[in-house]
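# Residue-level structure breakdown
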Amino acid sequence: MSSPRLEPGSSALRVLVGVSGGIAAYKAVELVRLLKKEGHSVRCALTRAAGAFVTPLTLEVLSGHRVYQEEYLAGDGSGEELHITAAEWADVICVAPATAHTIARFANGLADDFLSTTVLAFDGPLVLAPAMHSIMWRQESVSANVARLRERGVTLVGPAVGPLASGDVGIGRMVEPAEILATINGLQEPGPLAGRRVLIAAGPTREALDPVRFISNRSSGKMGFALARAAVARGAAATLVAGPVSLPSPPGVERVDVTSAEEMAAAVRIAAPQADLIVMAAAVADFKPTSVRTSKIKKSEGGLDSIELERTEDILAGLRAIAPKAVIVGFAAETDDLLSNARSKRVGKDVDFIVANDVSRADIGFEGDHNEVTVVGGDTETRFERQSKSALAERLIDHVSRALVDRERQPA
Ligand code: CTP
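Everything numeric here is computed off the predicted structure, so don't read it as measured data.

## Observations regarding the overall build of the protein chain
For the protein chain, the count of helices and strands is 13 helices and 19 strands. Summarising its shape, the C-alpha atoms of the protein chain cover approximately 75 × 60 × 40 Å along the three principal directions. Looking at the 412 residues of the protein chain, the share that counts as buried comes to 48%. Restricting the contact set of the protein chain to residue pairs at least 6 apart, pairs at least 24 apart contribute 68%. Surface summary for the protein chain: the accessible area is close to 19100 Å², and the carbon and sulfur share equals 51%. Taking the 45 positively charged and 51 negatively charged side chains of the protein chain as two groups, their mean positions are separated by 1 Å.

Below you can see the structure in the form of structure tokens.
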């Protein structure tokens, strides 16, 4: 489950179609037919429950290959580890329908049948077409599993709204096979940021007092990591300079781990001249201790009664000089006078946009999964309502990318 996009160019793909056990499994037959018609090579893997809805023989005849079923996990007697060879063979794995149970298994890294084991052994794009009753789709547990998979770069197509197997009408229907085919084909198209380099700094910094103590802040890095993920999903080459956070690297991102403001400044300075878009989402410490003690400060010495601090370098304010043509975006975490502070920061630091968020509110900001911001530009101020950080990251990257496109259109 890694790169969300394939190298553009090669049109015929090797697609492993996984089918899990829901009534929409009958539509997987049509999906296999469409994929083959388009010139893709197809192999199929059925979960045990899927076998009750669709026969392996149908899929075998359509795909022209034996169908992997649960018993293949033990091998077929050839000595081959079939889940590994299937994962190596596939350019894309598409699971349609993906039931709530199968989504939960993938989100939690379970490997309890042929399909889940193959998905775990797979390092390429994974496309899921969920299908379940609306009540199940809306469950917090399902939403959390879906969010987790999205964060890892998994593409979800659907579900759609319409009549459900239960007779109810609502969200939960699997999308039509033609839409799944279009999503798979779309993985090969260059994204809107193809050929662009994006630099993102995220997370807090730590300023050491002695070998065991430091000054830091509450930034989780979630917003910056989501921005890097959104940039890669749009085809950009992304460098993520990350302060100390416990977040996994978004797939396809070049990550540089740093600890202090000074290290962050150095890493940003190296990457900035090549970047077309720079986003400073990091909560860089504004102050650091004037000196770092080499041995642990003892209580008995009274050495922590007061700490002498000095200013750190303002990384954002120095970017225009080293990346004059880049679109530069800063963040402003404020508790008072949000917009007027953001406006003066934009001008003072000579940047294109300031993303202003109100950190005094408990329902958005630092450690949470949601955020609400206003993006202050030179002649626009755009409000983005409270939403998940992943969804907001996508909107923000699209918003600031438009300035990049406009700038590139201007005569040199
Ligand atoms: N920033 C930076 N280097 C610093 C401090 C901040 O690059 N040493 C960047 C942050 O990454 C953010 C922006 O500047 O994009 C605004 O940071 P913020 O702390 O909100 O503002 P400050 O300029 O530090 O002003 P103040 O703390 O007085 O509000």
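## Structural notes on the domain arrangement of the protein chain
The domain architecture assigned to the protein chain consists of domain 1 (14-186) and domain 2 (197-409). Between the C-alpha centres of domain 1 and domain 2 there is a distance of 38 Å.

## Some words on the site of the ligand
Residues in close proximity to the ligand total 16 residues, the closest being Met280, Ala282, Leu316, Phe331 and Lys349. Contact between the ligand and Lys349: an oxygen atom at 2.5 Å from a side-chain N or O atom of the residue. Starting from 570 Å² of accessible surface for the ligand in isolation, the protein chains cover 76%. Taken atom by atom, the bulk of the ligand overlaps the second largest pocket. For the shell around the ligand, the element with the most residues is strand S16 (residues 327-334), which contributes four residues. Across the shell around the ligand, the residue classes tally to nine nonpolar, two polar and five charged.

## Observations regarding the sheet that holds strand S19 (residues 381-388)
Taken in spatial order, the eight strands line up as S12-S11-S8-S13-S16-S17-S18-S19 in an open sheet, and their pairing is mixed. The sheet terminates laterally at strand S12 (254-257) and S19, the two strands that pair on one side only. Here the strands of the sheet are splayed against their neighbours by 15° on average, with no regard to which way each runs. Judged from the six bridges that link them, strand S18 (residues 370-376) and S19 form a sheet pairing that is antiparallel. Of the residues in S19, the one forming a bridge with His370 is Ser388.

## Describing the sheet that holds strand S5 (residues 155-156)
Through backbone hydrogen bonds, the strands of a sheet pair up, either in parallel or in antiparallel fashion. Taken together, five strands build an open sheet; the order of strands is S2-S1-S3-S4-S5 and the sheet is parallel. Where the open sheet ends on each side, the last strands, each with one partner, are strand S2 (41-46) and S5. As paired elements, strand S1 (residues 14-19) and S2 share six bridges and run parallel to each other. Looking at S2, one finds that Val19 is bridged to Leu46.

## Some points on empty space enclosed by the protein
Counted by the stated rule, this structure contains one cavity of 30 Å³ or more. Every residue lining the largest cavity is listed: Leu227, Val279, Val329, Phe331, Val355, Leu396, Ile397 and Val400. Listed by contribution, the elements that provide at least two residues to the lining of the largest cavity are S16 and helix H13 (389-409). For the lining of the largest cavity, the leading source of residues is H13, giving three residues.

## Structural notes on the layout of surface pockets
Rolled over the atoms, a probe with the dimensions of a water molecule shows which regions are left empty. Volume-wise, the second largest pocket comes out at about 840 Å³. Along the wall of the second largest pocket there are 38 residues; nearest its centre are Ala282, Ala283, Val284, Phe331 and Ala333. Secondary structure elements with two or more residues in the lining of the second largest pocket: helix H9 (222-233), strand S15 (309-311), S16 and strand S17 (353-358).

Rules used in this analysis
Residues numbered from 1 in each chain as written. Predicted model: local features only at pLDDT ≥ 70, side-chain atom pairs only at ≥ 80, totals over all residues. Heavy atoms only, no water. Helix = DSSP H or I, 4+ residues; strand = E, 2+ residues; numbered from the N terminus. Buried < 20%, exposed > 50% of the residue type's maximum accessible area, 1.4 Å probe, protein only. Contact = heavy atoms within 4.5 Å. Areas by Shrake-Rupley, 256 points an atom, 1.4 Å probe, with all protein chains shown as cover. Lys, Arg positive; Asp, Glu negative; His and termini not counted. Charge placed at Lys NZ, Arg CZ, Asp CG, Glu CD. Domains from an automatic or database assignment. Near = heavy atom within 4 Å. Polar contact = N/O pair within 3.5 Å; in protein donor to acceptor, adjacent residues only side chain to side chain. 1 Å grid on protein atoms, 1.4 Å probe; cavity = no way out; pocket = protein on both sides within 12 Å on 5 of 7 lines; lining within 4 Å. Sits in = over half its atoms within 2 Å of the grid points. Nonpolar A, V, L, I, M, F, W, Y, C, P; charged D, E, K, R; others polar. Pairing = 2+ DSSP bridges. Axes fitted to C-alpha atoms, helices over the stretch in contact; angles between N-to-C directions. Points joined across faces, edges and corners; volume = space filled by probe spheres on them.

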